[in-house]
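Survey of secondary and tertiary structure
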Amino acid sequence: MELFDLTIHELHEKLKKKEVSSVEATESCLARIEATDERVNAFISVTAGEALQAAATADQRIARGDIDLLTGIPLALKDIFLTKGVKTTCASKILANFIPPYDATSWLKLKERGAVLLGKLNQDEFAMGSSCESSAFGVTRNPWAFDRIPGGSSGGSAAAVAARQATATLGTDTGGSIRQPASHCGCVGLKPTYGRVSRYGVIAYASSLDQVGPMTRDVTDAAILLGAIAGHDPLDSTSVDCPVPDYRKSLLPELKGMKIGLPAEYFIEGLDADVKQAMDAAIATCRALGAEFVEVSLPHTDYAVATYYLLATAEASSNLARYDGVRFGHRTKESGGLLEMYMKSRAEGFGTEVKRRIMLGTYALSSGYYEAYYLKAQKVRTLIMQDFLKAFNAVDLLLTPVAPTPAFKIGEKTADPLQMYLSDIFTIPVNLAGTCAISVPAGMSKSGLPIGLQLVARPFGEETLIRAAYAFEQATGWHKLKAEL
Amino acid sequence: MKITRKQVEHVALLARLKLGEDEIATFTGQMDAILAYADKLNELDTDGIVPTAHAVPMENAFRPDEVSPSIGVENALENAPEKADGFFKVPKVIE
């Protein structure tokens, strides 16, 4: 067992007992990155010098007895989180040289508790994608099979956990961007309720859907990280002011009295046979742990992907208007007037998927089409939310697959954007409903690819999620499998 | 066809994107396919349904209007592609 193999809670115990130092743990992760990242490409930038300095500072804190669960723990962040003085690109050429003047609140909270930043992780450009293939800095490869995508958009965050390059990472989830890569890479990914975690300093994609969450080796680490980043932030007016419980108190190994719904619309024909088998096994496990299952219906599921791609692209077209070559980011070298400068800077800086989504969103918001597309989608969103609220009147949790198939091959879906969008069919409805969900390792395909299980709870039901996910994890042990690298 | 080449050119101008010939052609076909897929929303009767703009019911979030420190001119200009005399510099706007 190497130091880079340890979870947050395991490393914390060793740091507390002074069996190891944060510098040693950080060096172990940096060496691991050095040894594996040429193949995985999870990192856009590695901040070795700063990391070792932060680790030395953490060791001084620990020597004084000032130790917290996160003190001295080496972490890495999706390159969508602003990090003061550390280049933040959002995997786009338009921000290739951007050095943020401030920190994202979620990162600042971890930094203040003594966490160490190893570097910034690859993703789809501006979080737009399901495969990490839209990054301007090359695709990240799935540590379980290098010819496969790691999932997206937080593909680097998932791959770094699976490759054991970082103890844990943060990602963001707009339509499944934490849960789907976690599922494809065999780690735990938690998408909190909309408003649970501050988005201040997180580069915006679709503001009515974006949420920050942990990506970890096990459920205990997810509970620790969520507890550290959750809570109201005066700098994000959409963060909700409700108390943050100690999520570790929900780490209980049984499911007695828990009622779990199986949405009929998620167990469809065309679901991959290995995924289906993993779900059946998961249901049997949960039943043995004391859970009761009932069938429920989310009748508007089939409309979620269309709704999402109208709303998310419309919001993106507005959010990405800020990249105009004036205050930060790329500016064209070609001469011309102001309008030409805007148009050329944006054309040179953005990649194809980002342009496509800006175009689609601008169209959906444009005069004459607003009611037919954007307003219609907002109304269907209401119907989708009501489906979930009705289901949660009858059950505590929903159990579904995270994705219809295990990780697909690199290049398999790049030519057909619609097919790519449909790979998020089981995760998107949760973002539209604004509620919380977790992806937990639940099996392996015949070809050796991880399969994730999604649990969904009512808004602010993260304790229920963590309890069920922990009980399942402890009963099965799928999270202990390691990708050979 | 849901969308024509001419509409794509118009939307590109609205979005401030200078697209190449090949991009216009590709996007016309792809946007057409995606919008045709989105048409399935018309299967649903949404008369009288209140649109959702925000997942969490929330009124305007007010805070006291108090002076607090900001990042300052120097930091704000740090990432500017061009700057002069404490300002962002852009190509000439008025002839």
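1. Regarding the overall build of chain A
When helices and strands are tallied, chain A shows 15 helices and eleven strands. For 485 residues, the compact-globule formula gives about 23 Å, and the C-alpha radius of gyration of chain A, at 21 Å, lands near that figure. The principal-axis extents of the C-alpha atoms in chain A amount to approximately 65 × 55 × 45 Å. For chain A, buried positions account for 64% of its 485 residues.

2. A look at the sheet that holds strand β6 (residues 211–216) of chain A
The strands that make up a sheet are held in pairs by hydrogen bonds between backbone atoms, and each pair lies either parallel or antiparallel. Residues and elements named next belong to chain A. Spatial strand order, β1-β3-β2-β4-β6-β5-β10-β11-β9-β7-β8: eleven strands in an open sheet with mixed pairing. Two strands close off the open sheet at either side, each with one partner strand: β1 (43–46) and β8 (292–296). For this sheet the average axis-to-axis angle between neighbouring strands, irrespective of direction, equals 30°. Bridge count between strand β10 (residues 436–444) and strand β11 (residues 450–457): seven bridges; the pairing is antiparallel. When the sheet's bridge partners are listed, P441 is paired in β11 with G452. Along the sheet, helix α2 (residues 22–40) contacts β1, β2 (74–78) and β3 (116–121); its crossing angle with β3, the most-contacted strand, is approximately 20°. Taken strand by strand, helix α3 (residues 48–63) contacts β1, β2 and β3, and its axis lies near 155° from that of β3.

3. Focus: unusual backbone geometry
Residues and elements named next belong to chain A. In this model, G152 is joined to S153 through a cis peptide bond whose omega is 10°. Not every positive phi belongs to a glycine, and K18 is a case in point at roughly 60°. Structurally, the position occupied by K18 is in the loop between α1 (8–16) and α2. Its identity as a non-glycine residue notwithstanding, F460 has a phi of 65°, on the positive side. With respect to the helices and strands, F460 occurs in the loop between β11 and α15 (462–476).

4. Re the interface of chain B and chain A
Contacts between the two partners involve 40 residues from chain B, matched on the other side by 53 residues from chain A. Of all the secondary-structure elements, those providing two or more residues to the side of chain B that touches chain A are α1 (5–14) and α2 (21–38) of chain B. Its residues placed into classes, the side of chain B that touches chain A shows 28 nonpolar, six polar and six charged.

5. Examining helix α4 (residues 105–112) of chain A
Residue and element names in this part refer to chain A. The complete set of buried residues in α4 reads T105, S106, W107, L108 and L110. Those residues of α4 that are buried are in contact with β2, β4 (168–173), β6 and α7 (219–229). Immediately beyond the C-terminal end of α4, within one or two residues, lies G114, with a positive phi of roughly 95°.

6. Observations concerning the environment of E24 of chain A
Residue and element names in this part refer to chain A. Relative to the assigned elements, E24 resides in helix α2. For E24, a count of 15 C-beta atoms within 10 Å puts it in the partly exposed group. Each C-alpha atom of the pair E24 and G72 lies 9.9 Å from the other, and the pair is 48 residues apart in sequence.

7. Digging into the nonpolar core
Residues and elements named next belong to chain A. Counting 180 residues, the largest nonpolar core has L75, V116, L118, Y309, L310, L455 and A469 as the members making the most contacts within it. In terms of residue count, helix α9 (residues 304–319) provides more of this core than any other element does, ten residues in total. Here L118 is in contact with C29, L30, I33, V46, T47, A51, P74, L75, A76 and A166, once residues within four sequence places are set aside.

8. Brief notes about the pairing of β3 of chain A
All names here are of chain A. Taken across its six residues, β3 has six buried, putting it largely inside the fold. The pairing of β1 with β3 spans three bridges and is antiparallel. Considered in β3, the bridge of V46 is made with G119. In this structure, β2 lies alongside β3, joined through four bridges in parallel fashion. The partner of L77 across the bridge, within β3, is K120. Taken together, β2, α4 and β3 form a β-α-β motif whose crossover is right-handed.

9. Topic: helix α8 (residues 273–288) of chain A
Residue and element names in this part refer to chain A. For α8, which comprises 16 residues, the first-to-last C-alpha distance of 23 Å matches the rise-based estimate of 22 Å (1.5 Å per residue) to within 8%. Burial in α8 covers these residues: V275, A278, M279, A282 and C286. Looking down the long axis of α8, one finds its buried residues gathered within 100° of arc, a one-sided arrangement. α8 presents A273, D280, A284 and A288 as exposed residues on the side facing more than 90 degrees away from its buried surface. Turning to α8, the residues buried within the fold contact β7 (259–263), β9 (397–401), β10, β11 and α15.

10. A closer look at the pairing of β4 of chain A
Residues and elements named next belong to chain A. For β4, the buried fraction is high: six of the six residues fall into the buried class. Residues A168, L170 and T172 line one face of β4 and the alternating positions T169, G171 and D173 line the opposite face, and both faces are buried. Of the strand pairs in this sheet, β2 and β4 are connected by three bridges, and their pairing is parallel. Within the sheet, the bridge partner assigned to A76 lies in β4 and is T169.

Reading the values: rules and limits
- Residues numbered from 1 in each chain as written.
- Chains lettered and ligands numbered in written order.
- Predicted model: local features only at pLDDT ≥ 70, side-chain atom pairs only at ≥ 80, totals over all residues.
- Helix = DSSP H or I, 4+ residues; strand = E, 2+ residues; numbered from the N terminus.
- Rg over C-alpha atoms; globule rule 2.2 N^0.38 Å.
- Buried ≥ 20, exposed ≤ 12 C-beta atoms within 10 Å, placed from the backbone.
- Pairing = 2+ DSSP bridges.
- Axes fitted to C-alpha atoms, helices over the stretch in contact; angles between N-to-C directions.
- Contact = placed C-beta atoms within 7 Å.
- Nonpolar A, V, L, I, M, F, W, Y, C, P; charged D, E, K, R; others polar.
- Core = buried A, V, L, I, M, F, W, Y, C linked by C-beta atoms within 7 Å.
- Right-handed = clockwise from strand over helix to strand, strands pointing away.
- Expected span 1.5 Å × (residues − 1).
- Arc of directions from axis to C-beta.

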